[in-house]
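# Descriptive analysis of the structure
In case you want the letters, here they are:
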Amino acid sequence: MRLINCKTFLLEEVFNNIPPYAILSHTWGPGELTLQDWLSGEAARNKPGYAKIEWSCKQAQSDGIGYLWVDTCCIDKTSSSELSEAINSMFAWYRDSSVCYAFLADVGESDDQAFRASRWFTRGWTLQELIAPADLVFYSKTWTPLGTKFTKRALLSSITGIDSDYLRQPKKIHHASISRRMSWMANRTTTRVEDIAYCMLGIFGINMALLYGEGARAFLRLQEEIIKVSDDQTIFCWQDTQQAQTSSTRNVLHDWASILAPFPAVFQSSSRFFPRSEGGGTSAARPYSITNRGLQITAPL
């Protein structure tokens, strides 16, 4: 794990005995810093993405924390193995942080309407960044505090559809049904098609190889990996609804023949489904699996 020293602004690599660190959550825009930019020194200060990192370092020092992790410049994205390790570890890194600073670049003041409309709530990667940290503080585009995940939990639940219990106690998300967790991603997007699956790995406790270039197959692979470790049949509770269709997905849904979902948007109305309880006799969920000939399942009709 590579961290920014908040006093020296130098990058330090740590493997064991990781010190307390703050972590930044933000939406990417033009002029973000890469690892190579940061190592170049003074040139990094001239890029638009520098200010929020500087603010985060100063805030961390004020909070008594000596280190900061940022997804833009703490990962060497030229290394596919490092990028894969980082994405598979990211949920844990946000979970284990001392505090997460959520920077809302399009919110200028403490106003619920502007807060609700922030782009931060539409991006795929920020879902885990909202759920995982125990302590999360929101900041405006001028680095003015807007509130915490705890003080805004009712508003956050209204915006995201995530029950406030899961926001207050992130460990509980693994008790939420598969379809409910999928529904949280239904209205979010990512720049790369594959990332709509990769950004959900930690939410389902899944590790898998990253294969950029596989396109929509990444979301199928995610579901196949979930099936290997769960017998929650709500993974099949998705619907081809008008709300789930866009000009780019309509043809996909028209030709779709798999029992697995094509993308998270089809789980938009699936938060109400839950698996049959354990110990329910013949009515309880039975194990199922993906075989070389497809899905093998026994279920009551």
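Residues numbered from 1 in each chain as written. Predicted model: local features only at pLDDT ≥ 70, side-chain atom pairs only at ≥ 80, totals over all residues. Heavy atoms only, no water.

Naming follows an unreviewed UniProt entry, where the protein chain appears as Heterokaryon incompatibility protein-domain-containing protein of Cercophora newfieldiana.

### A closer look at the pairing of strand β1 (residues 2–5)
Of the two faces of β1, both are covered, the one formed by R2 and I4 as well as the one formed by L3 and N5. Examined bridge by bridge, β1 and strand β2 (residues 11–13) share three bridges and lie antiparallel to one another. Each residue of the ladder has a partner; that of L3, found in β2, is E12. The turn joining β1 and β2, which pair antiparallel and follow one another in sequence, is formed by five residues; a positive phi near 65 degrees is taken by F9. In the sheet, β1 pairs with strand β4 (residues 67–69) via two bridges, with the strands oriented antiparallel. By the bridge assignment, N5 is partnered in β4 with Y67. (Buried < 20%, exposed > 50% of the residue type's maximum accessible area, 1.4 Å probe, protein only. Helix = DSSP H or I, 4+ residues; strand = E, 2+ residues; numbered from the N terminus. Pairing = 2+ DSSP bridges.)

### Re the sheet that holds β4
Here we have seven strands laid out as an open sheet, ordered β2-β1-β4-β3-β5-β6-β7, and mixed in their pairing. Either end of the sheet is taken by a strand with one partner, and the two such strands are β2 and β7 (145–148). Going across the sheet, the axis of each strand differs from the next one's by a mean of 30 degrees, ignoring polarity. Where strand β3 (residues 21–25) meets strand β5 (residues 99–103), four bridges bridge the pair, whose relative direction is parallel. Residue pairing for β5: A22 is matched across the bridge by V99. Lying over the sheet, helix α3 (residues 80–95) contacts β1, β3, β4 and β5, oriented at roughly 105 degrees with respect to β3. (Axes fitted to C-alpha atoms, helices over the stretch in contact; angles between N-to-C directions. Contact = heavy atoms within 4.5 Å.)

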